[in-house]
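# Structure at a glance
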Amino acid sequence: MARGFTLIELLIVMAIVALLAAIAYPSYQNQVRKSRRSDGHIALTTAAQQLERCYTINGVYNQPAGCNALAADGTLAAGLATSQEGNYTVVANPLTQTTFVLTATPAGNQAAVGDPECGNLSLNQQGLRGESGTGTVADCW
């Protein structure tokens, strides 16, 4: 007596595997988005800490002299303008003597897969966090 799998049994197994993959893949993508978001969080908090050091030294946020956070033209220094993993670009706009708003915009892989839930992440001098997507601040931070 010959033993083996019939074509029907093989197709049923393949259908079950495909169904499990269809359910698991979106969840996996969401977890990847969340982990890349942490790169944006780190970039924003690092830039905010550097700007706070500038404020401590100069008494203002927007003076490049003696401030490692700013380039000579008053924009964020190159090391702070891009997140460590390259998933976000960070700008300080507006950057005044007494206030700043840092915005992290998805770039690289994060921009490629998209992040409609959170969009751009933001942080200001008061530590207020924000997002421009359809989600909430609690979901995105």
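The structure contained in this document is the topic of the report that follows. (Residues numbered from 1 in each chain as written. Predicted model: local features only at pLDDT ≥ 70, side-chain atom pairs only at ≥ 80, totals over all residues. Heavy atoms only, no water.)

### Some details on the nonpolar core
- Of all hydrophobic cores here, the largest spans 23 residues; its most connected members are L51, L76 and L102.
- Sorting the residues of this core by element identifies helix 1 (7–58), strand 1 (88–95), strand 2 (100–106) and strand 3 (121–124) as the ones contributing at least two each.
- Counting residues per element, this core draws most heavily on helix 1, which supplies 6 residues.
- If sequence neighbours within four positions are ignored, L76 has contacts with A47, L51, A69, L70, A71, A81, V90, V91, A92 and L102. (Core = buried A, V, L, I, M, F, W, Y, C linked by side-chain atoms within 4.5 Å. Buried < 20%, exposed > 50% of the residue type's maximum accessible area, 1.4 Å probe, protein only. Helix = DSSP H or I, 4+ residues; strand = E, 2+ residues; numbered from the N terminus. Contact = heavy atoms within 4.5 Å.)

### Some points on the side chain of R33
- Considering the arrangement of structural elements, one finds R33 in helix 1.
- Despite being buried, R33 has no salt bridge partner; D115 is the closest side chain of opposite charge, sitting 4.8 Å away.
- With near-sequence residues (within four places) excluded, R33 lies in contact with Q110, V113, G114 and D115. (Lys, Arg positive; Asp, Glu negative; His and termini not counted. Salt bridge = Lys/Arg side-chain N within 4 Å of Asp/Glu carboxyl O.)

### Concerning the packing of aromatic side chains
- Overall, the coordinates contain 3 aromatic pairs when judged by the stated rule.
- Taking the centre distance of 4.9 Å and the plane angle of 85 degrees together, the rings of Y61 and F100 count as edge-to-face. One end of the pair, Y61, is in the loop between helix 1 and helix 2 (78–81); the other, F100, is in strand 2, with 39 residues separating them in the sequence.
- Taking relative accessible area as the criterion, Y61 reaches 4% and is therefore assigned buried.
- One aromatic cluster in this structure is built from Y55, Y61 and F100. (Phe/Tyr/Trp six-rings, centres within 6.5 Å; stacked < 30°, edge-to-face > 60°.)

### A closer look at the state of the cysteines
- Applying the stated criterion to the full structure yields 2 disulfides.
- Between C54 and C67 runs a disulfide, and the two sulfur atoms are separated by 1.5 Å. Taking the sign of the S-S torsion, 70 degrees for the link of C54 and C67, the bridge is right-handed. Taken as a pair, C54 in helix 1 and C67 in the loop between helix 1 and helix 2 lie far apart in primary sequence, 13 residues in all. The pair C54 / C67 is uniform in exposure class, with both members buried.
- Here C118 connects covalently by a disulfide to C140, the sulfurs 1.9 Å from one another. On the sign convention where negative means left-handed, the S-S torsion of about -100 degrees between C118 and C140 marks this disulfide as left-handed. Residue C118 is found in the loop between helix 3 (108–113) and strand 3, and its partner C140 is found in helix 4 (residues 137–140); the two are separated by 22 residues along the sequence. There is no split in this pair, since C118 and C140 are both buried.
- Disulfide connectivity for the chain, with bonded cysteines indexed by sequence position, reads 1-2, 3-4. (Disulfide = S-S within 2.5 Å.)

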